[in-house]
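Descriptive analysis of the structure
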Amino acid sequence: MELSEKMALEMQKFNKRYAQEIEAYSELATIKNLKEIVNRLNDLEVYEVSTIKDVVLVQKDNITVYFSFYSFNYTDKNVEITQYYNGENYNLYVSNDDGFITLDELREMSQMMTDVKNIADKVIEVAKGDDTDE
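Residues numbered from 1 in each chain as written. Predicted model: local features only at pLDDT ≥ 70, side-chain atom pairs only at ≥ 80, totals over all residues. Heavy atoms only, no water.

**Here's the deal with the pairing of strand 1 (residues 48-52)**
How we decide: DSSP bridges decide pairing: two strands pair if at least two such bridges lie between them. By the criteria applied, helices consist of DSSP H or I runs no shorter than four residues and strands consist of E runs no shorter than two, each listed in order from the N terminus.
Here strand 1 runs beside strand 2 (residues 55-60); their pairing, made up of five bridges, is antiparallel. Bridged to Val-49 within strand 2 is Val-58.

What follows is the structure in structure tokens.
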């Protein structure tokens with residue numbers, strides 16, 4: 001069996017095993033919700049917000065926060081399904097252009113990630129129908 005055939009078979013088994021979870025998640029991980037997250041981040045008027053395909057980049061100075069919904073693709077599927085079972089609904093990472101960071105930069109990174117997380121969580125709450133604040 002060739003590698004591509006093996007990969008296709010593994011993905012088929014994965015998709016069959018987690019069909020309900022993937023279907024439920026697809027209701028949250030929509031383009032509409034991604035756009036809503038981008039719009040709310042832009043409304044903060046604090047960060048430069050852009051997208052590359054389905055990844056949201058939130059930038060300020062030399063710091064970039066990356067947000068994306070799970071793709072459940074071949075290389076990420078096992079990690080993402082575990083995160084999903086642990087109640088996490090997306091990928092959220094941060095990087096900066098420097099090899100070393102100051103405490104102030106660390107605080108800024110934390111604040112940026114918290115802002116993105118709070119907005120994403122709120123959009124997902126609304127998508128699930130669990131919105132109690134609005």
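**Topic: the pattern of salt bridges**
Applicable threshold: Salt bridges are identified by distance alone: a Lys or Arg side-chain nitrogen within 4 Å of an Asp or Glu carboxyl oxygen. The cut-offs for exposure are 20% and 50% of the maximum accessible area for each residue type, with area from a 1.4 Å probe on protein chains only; residues under the lower value are buried, those over the upper are exposed, and the others partly exposed.
Within the structure shown, the criterion is met by five salt bridges. Between Arg-107 and Asp-104 there is a salt bridge, with the nearest N and O atoms lying 3.1 Å from each other. Of the two residues, Arg-107 and Asp-104 both sit in helix 5 (residues 103-128), three residues apart, roughly one turn of that helix. Here Asp-104 falls in the exposed class, since its relative accessible area comes to 55%. A salt bridge links Asp-121 to Lys-117, with the nearest nitrogen and oxygen atoms 2.5 Å apart. Of this pair, Asp-121 and Lys-117 both sit in helix 5, four residues apart, which is roughly one turn of that helix.

**Notes on the sheet that holds strand 2**
Hydrogen bonding along the main chain pairs the strands of a sheet, whether they run parallel or antiparallel. This is how the line gets drawn: Here an angle of 0 to 180 degrees is reported between the N-to-C directions of two axes, which are lines fitted to C-alpha atoms, with helices fitted over the stretch in contact.
Read from one edge to the other, the open sheet built from four strands follows the order 1-2-3-4, with strand pairing classed as antiparallel. Each edge of the open sheet carries a strand with a single partner, namely strand 1 and strand 4 (91-96). Shown here is a sheet whose adjacent strand axes are inclined to one another by a mean of 20 degrees, direction ignored. The pairing of strand 2 with strand 3 (residues 63-68) spans six bridges and is antiparallel. Bridge pairing in strand 3 links Lys-60 to Ile-63.

**What to know about the packing of helix 2 (residues 19-26) against helix 4 (residues 77-85)**
In a packed pair of helices, the relevant descriptors are the angle between the two axes and the axis-to-axis distance. Where we set the bar: Just so you know how the angles are binned, under 35 degrees is roughly parallel, over 145 roughly antiparallel, 65 to 115 roughly perpendicular, and the rest oblique. Residue contacts follow a heavy-atom distance rule, with two residues in contact if any of their heavy atoms lie within 4.5 Å. Charged residues are taken to be Asp, Glu, Lys and Arg, nonpolar residues to be Ala, Val, Leu, Ile, Met, Phe, Trp, Tyr, Cys and Pro, and polar residues to be all remaining types, Gly included.
Two numbers describe how helix 2 lies on helix 4: the axes approach to 12 Å, and their chain directions differ by 75 degrees. Considering the angle they form, helix 2 stands roughly perpendicular to helix 4. From helix 2, Glu-21, Ala-24 and Tyr-25 reach across to helix 4, where they touch Ile-81, Tyr-84 and Tyr-85. Its residues assigned to classes, the contact of helix 2 with helix 4 shows five nonpolar, no polar and one charged.

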